[in-house]
Amino acid sequence: MQSSTANPGALPRQPAGRRPVPFFTQARTFEELWPLIERRAVEVLDDGKFSHGHQVAQLERSLAEYTGARHVVGVNSGTDALVLLLRAAGLRPGDEVVVPAFSFVASASSVVLAGGRPVFADIDPQTYALDPAALEAVVTERTRFVMPVHLFHRLADLPALCAAAGRHGLTVVEDSAEAIGMRLGGRHAGLFGAGGVLSFFPTKTLGAIGDAGAVLTDDDGIAATAAALRHHGRFGRTIGDFSTINTGSTLPGCNSKMDDLQAAVLLAKLTRLDADIARRAELAAAYDERLAGVPGVLRRPPVGGIEGQVFYVYLIETARRDELAAHLALHGVETEVYYPLPLPLQPCFVELGHRAGEFPVAEAACTRTLALPLYPELELDQVDTVCELIRTFLWKPMNTAHRENE
């Protein structure tokens, strides 16, 4: 899911001759794609249907072809996609949904918004995803769903999680918001249970210029219900059709239609998605090579050898995370913390009564993980800059590093 916060601190000074390294930019991508984006944007304006129109319908078809999903339902954010998927999959008020303790807050808040109760389980230290053994330990008679979250560049352990869900009669819904392009045995993320979601937040592997998302499912009934819920509970074809706006609502739905301008941008960017994924892998491999052997830097695991990996985020762990982030910021390199708090300790879940120490793996990750810049426009010399700054900082005696950041 999207990062919860950027690292604080302005960039007061930078060494002469060194250009800044933003955490994310897509300026050059938009410049290169502008003729195609402009043509599609003009089509939207000429059509006069600015949301839930023909560009959205075309995007749904294109994403279904790309992912192999039987149905794709475009909505206005990845968070709404999770809420609507849970409701469409049959979540009832008070049903428990097992969620990993380490993720963006929307993984759990979507459960609350859909009427359920999140139940947290610790994560696997290698994948940062839901630990199958921890899942088994928290299941009760009220548990009906489990929500694996695929983070950073790899899938959760879906075979083990789906097997555990089967033993307990649980429905699997995947928070696959970060996972476009990730596959296991030829099956795309989001299609191992009742359904999954995609987020098109601008920093995602396939990003819009604002918020947008989608539900993925092979289930006809779930798709029809999710599609109705996004448009005030109206069943039947509504996309691109003004005439249905005042017809009867079968369900208490919401307004979660996708904007056509977002769909236009996504259709343009979809034409280079595989090339962008390949570039992200190249950059991740460059980071791995340059950071190999640097004391105090841990990658879980190194690049390579993982089926279906797609690098949305390049993440490192270090015990001196906050000091390193401040050092990088001082030299013009932006980073992000994924995530500063485990979900059970987020203020919005205080009524669930969790305390520090209950989720040791997730809590440790929240103190150690740091995301480095990774996006198709990043240049190898910028990777060199980032890695050299990390090496020189972590090889310094600790008291010297403290003085630098005072």
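Reading guide: rules and limits
- Residues numbered from 1 in each chain as written.
- Predicted model: local features only at pLDDT ≥ 70, side-chain atom pairs only at ≥ 80, totals over all residues.
- Heavy atoms only, no water.
- Phe/Tyr/Trp six-rings, centres within 6.5 Å; stacked < 30°, edge-to-face > 60°.
- Helix = DSSP H or I, 4+ residues; strand = E, 2+ residues; numbered from the N terminus.
- Buried < 20%, exposed > 50% of the residue type's maximum accessible area, 1.4 Å probe, protein only.
- Axes fitted to C-alpha atoms, helices over the stretch in contact; angles between N-to-C directions.
- Parallel < 35°, antiparallel > 145°, perpendicular 65-115°, else oblique.
- Left-handed = near helix turned anticlockwise from the far one by under 90°.
- Contact = heavy atoms within 4.5 Å.
- Nonpolar A, V, L, I, M, F, W, Y, C, P; charged D, E, K, R; others polar.
- Core = buried A, V, L, I, M, F, W, Y, C linked by side-chain atoms within 4.5 Å.
- Pairing = 2+ DSSP bridges.
- Polar contact = N/O pair within 3.5 Å; in protein donor to acceptor, adjacent residues only side chain to side chain.
- Salt bridge = Lys/Arg side-chain N within 4 Å of Asp/Glu carboxyl O.

The description of an aromatic ring pair uses the distance of the two centres, along with the angle that the planes make with each other. A full pass over the atoms with the stated rule returns 12 aromatic pairs. Summarising the aromatic geometry, the rings of F102 and Y128 are spaced 5.9 Å apart at their centres and angled 35° between planes, so their arrangement reads as tilted. Here the residue F102 occupies a position in the loop between β3 (96–100) and α4 (106–113), and Y128 occupies one in the loop between β4 (117–121) and α5 (132–138), the gap between them amounting to 26 residues. In this pair, the class of F102 matches that of Y128, namely buried. Relative to Y314, the ring of F311 has its centre 6.4 Å away and its plane inclined at 25°; by these criteria the two rings are stacked. As far as burial versus exposure is concerned, F311 and Y314 are alike and both buried. Cluster of aromatic residues (ring-pair linked, three or more members): F23, F102, Y128, F152, Y338 and Y339.

Quick look at the packing of helix α1 (residues 27–47) against helix α8 (residues 260–270) now. Two elements in contact, α1 and α8, have axes whose closest approach is 9 Å; the angle formed by their N-to-C orientations is 135°. By the angle between their directions, the pair α1 and α8 is classed as oblique. Crossing of α1 over α8 shows right-handed handedness. Residue-level contacts link T29, F30, L33, L36, I37, R40, A41 and V44 of α1 to D260, L261, A264, V265, L267, A268 and K269 of α8. Residues belonging to the contact of α1 with α8 are distributed by class as follows: 11 nonpolar, 1 polar and 3 charged.

A separate point is the nonpolar core. Counting 51 residues, the largest nonpolar core has F102, F120, F152 and Y338 as its most contacted members. Elements supplying a minimum of two residues to this core: β2 (71–75), α3 (78–88), β3, α4, α7 (220–229) and α11 (360–368). Among the elements that make up this core, the one with the highest residue count is α3 (7 residues). Grouped together as the second largest cluster of nonpolar side chains are 32 residues, A57, L191, A212 and I239 included.

For the rest of this paragraph, the subject is the pairing of β2. Most of β2 is tucked away, with 4 of its 5 residues classed as buried. Across 5 bridges, β2 lies against strand β10 (residues 213–217) in antiparallel orientation. Along β10, the bridge assignment pairs V73 with V215.

With mixed pairing, the 7 strands of this open sheet are ordered in space as β2-β10-β9-β6-β5-β3-β4. The sheet is open, and its two edges are formed by β2 and β4, each paired on a single side. Each strand of the sheet is rotated relative to its neighbour by a mean of 25°, with strand direction disregarded. Strand contacts of α7: β2 and β10, with the helix running at about 15° to β2, the strand carrying the most contacts.

Burial of α7 is extensive: 7 of the 10 residues sit out of reach of the surface. Among the residues of α7, those classed as buried are I222, A223, T225, A226, A227, A228 and L229. Residues of α7 that are buried make contact with β2, α3 and β10. The distance from a side-chain oxygen at the start of α7 to the backbone nitrogen of G221 is 2.9 Å, and the residue carrying that oxygen is D219.

Another aspect to go through is the pattern of salt bridges. Applying the stated criterion across every chain, the model contains 21 salt bridges. Two residues, E379 and R28, come together in a salt bridge whose shortest N-O distance is 3.2 Å. Residue E379 is found in the loop between β13 (369–372) and α12 (380–394), and its partner R28 is found in helix α1; the two are separated by 351 residues along the sequence. The class of R28 is partly exposed, set by a relative accessible area of 34%.

Geometry only, nothing functional implied.
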